[in-house]
Amino acid sequence: MAALRSEVDVAVIGAGAAGIATARRLAEGDGLSVLVLEARDRVGGRVHTIAPAEFPLDRGAEWLHSADRNPLSPIAQHLGFSLHRRPPEWVSRLSRSGASREAEADWIATREAHYRARKKAAAETADRSLASVLVPGGRWNELLDATSTWGNGAELEHVSVKDYVSYEDSGVNWRLREGYGRLFEKLASGLPVALDAAVSSIDHTGRLIRIETVRGSVTAKRVIVTVPTSILAAEAIRFDPPLPEKAEAAAGLPLGVDDKLFISLTGALPGIEPDIYLIGSTRSRETMSYQVRPVDRPAIYCFFGGCFAAALEREGEGAMFSFAAEELARILGNDIRRRIAPLASTAWLRDPWSRGSYSYALPGHAEDRARLAAPVDDRLFFAGEACSPNFFSTAHGAYMTGMAAAEAALASLGRLPTRVQVTA
Ligand SMILES: Cc1cc2nc3c(=O)[nH]c(=O)nc-3n(C[C@H](O)[C@H](O)[C@H](O)COP(=O)(O)OP(=O)(O)OC[C@H]3O[C@@H](n4cnc5c(N)ncnc54)[C@H](O)[C@@H]3O)c2cc1C
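Conventions we followed
- Residues numbered from 1 in each chain as written.
- Predicted model: local features only at pLDDT ≥ 70, side-chain atom pairs only at ≥ 80, totals over all residues.
- Heavy atoms only, no water.
- Core = buried A, V, L, I, M, F, W, Y, C linked by side-chain atoms within 4.5 Å.
- Buried < 20%, exposed > 50% of the residue type's maximum accessible area, 1.4 Å probe, protein only.
- Helix = DSSP H or I, 4+ residues; strand = E, 2+ residues; numbered from the N terminus.
- Contact = heavy atoms within 4.5 Å.
- 1 Å grid on protein atoms, 1.4 Å probe; cavity = no way out; pocket = protein on both sides within 12 Å on 5 of 7 lines; lining within 4 Å.
- Points joined across faces, edges and corners; volume = space filled by probe spheres on them.
- Expected span 1.5 Å × (residues − 1).
- Arc of directions from axis to C-beta.

Trainee: Hey, could you run me through the nonpolar core in this one?
Mentor: One recurring pattern in soluble globular proteins: nonpolar side chains tend to sit buried together. Ranked by size, the top nonpolar core spans 39 residues in total, and within it Leu26, Leu64, Leu72, Leu176, Tyr180, Leu183 and Phe184 carry the most contacts. Among the elements of the structure, β1 (7-13), α1 (17-27), β2 (34-37), α2 (72-78), β7 (174-176), α6 (180-188) and α12 (395-412) are those that each provide at least two residues to this core. It is α12 that provides the largest number of residues to this core, a total of seven residues. If we skip the residues at most four places from it in the chain, Tyr180 touches Val47, Thr49, Asp58, Ala61, Glu62, Trp63, Leu64, Asn70, Leu72, Ala395 and His396. Counting 32 residues, the second largest nonpolar core, distinct from the first, contains Leu35, Ile231, Ala361 and Leu372.

Trainee: I tried to follow empty space enclosed by the protein on my own but got confused; where do I start?
Mentor: Tallied over the entire structure, the rule returns two cavities of 30 Å³ or more. Estimated volume of the largest cavity: approximately 70 Å³. Along the walls of the largest cavity sit Pro56, Leu57, Asp58, Glu62, Arg175, Leu176, Arg177, Gly179, Val295, Arg297 and Tyr301, which together make up its complete lining. For the lining of the largest cavity, the secondary-structure elements that each account for two or more residues are β4 (57-58) and β7.

Trainee: How should helix α3 (residues 101-122) be read in this particular structure?
Mentor: Since the α-helix turns once every 3.6 residues, residues separated by three or four places project in the same direction. Relative to the 32 Å expected for 22 residues at 1.5 Å per residue, α3 spans 32 Å between its end C-alpha atoms, a close match to the ideal helical length. Considered for burial, the residues of α3 that qualify are Ala103, Glu104, Trp107, His114, Arg118, Ala121 and Ala122. Seen along its axis, α3 keeps its buried residues to an arc of 110°; they face one direction. Among the exposed residues of α3, those oriented more than 90 degrees off its buried face are Arg101, Arg116, Lys119 and Lys120. Of the surrounding elements, those touching the buried residues of α3 are α4 (141-151) and α5 (161-166).

By themselves, these observations are geometric and do not establish any function.
In structure tokens, the structure reads:
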């Protein structure tokens, strides 16, 4: 394995959405030497497109959330990616899954009331969990919990109300036909990324910061850390002097678990249009969300989260598929069993470089995002989805924090472009 360049101006740890954004912004900083150190043998981190069939599959991020405000929408268009703008039907899927119209209307009304209650609770002084705003014994409590496992990767009882309501969602969601991961591959092309270069320690005692990797050591004037909170909370990267405040902030922002199972589908499904969402059960939080014939493809994408996903990861793809087949047979009839087969699945919790899917804040820990994002001595900077105050848990949120960290590092080196220095 090749040795690394041993001395650079700025080192970036991690080549996910945040690290790629950081490196792209730094590359504009006239003459700076930059190196991105990435543990995996690929770029993209939790954005990763594969193609086990004749169409691409996004193992991680798939949706350009808040697409009308998402900085990656115009970038993708400019780079020639094709946007799929059909809106997802995440709310009104019960009647298609066998429930009555009355049940669906009641669910939608209950869901809206619950979201209003979240906002009200968030305005109170003390933070609390999303579960605390449930109506005791409510008809849809299990389904609200299931939707939390899909949205937050965790059950309602674990999630901070204050943090939850700071997430901004314009309600516009698009996809890239070629895959979100392909966009990040393109954005990373030409950047100085060292793959297979897991970082084990960052020594910031001296004038130059010393980074130890499995491929040797690197020194840098500035370091931008973009690894997931799971890595920081476990202190899998050792800082010297230690940074307990970063480990604590990261522990307040654990990664929830969400996984996908991709299934091939043969034949038509009369009465079910492409991109329709189905729901496995309204009575258990251990259920899956199914997207049927997404982007007109002969497939079903199954999505599941929380403790249920963690357990299924341990059991493997066979167990995921059996579960999905059972639920789909209940909704679509037994005939579906002989028309589906597994294509691919994910296990983000077991992935050693992510150890989960995306961050949520524990009750009482909404402030941890700002604590995590704060620079140390104007030499160590932090970015990544968990650092975003309003777009956390997303690829574009990660991207925006990477841009901001790069700007801060450039400013600390006196290298901000003239336009920014003039206005400052
Ligand atoms: C199943 C799933 C579905 C999702 N759906 C969506 C969606 O539809 N839309 C959306 O916007 N977002 C979605 N997300 C979330 C989105 O993927 C993430 O928020 C975003 O990609 C995180 O980017 P990041 O740069 O902060 O972190 P990462 O992508 O995790 O990047 C960090 C990088 O650091 C590397 N690393 C870790 N440890 C070390 C080390 N010691 N040394 C060197 N490198 C290290 C990792 O390998 C990784 O490449 C989804 C995620 C999952 C898992």
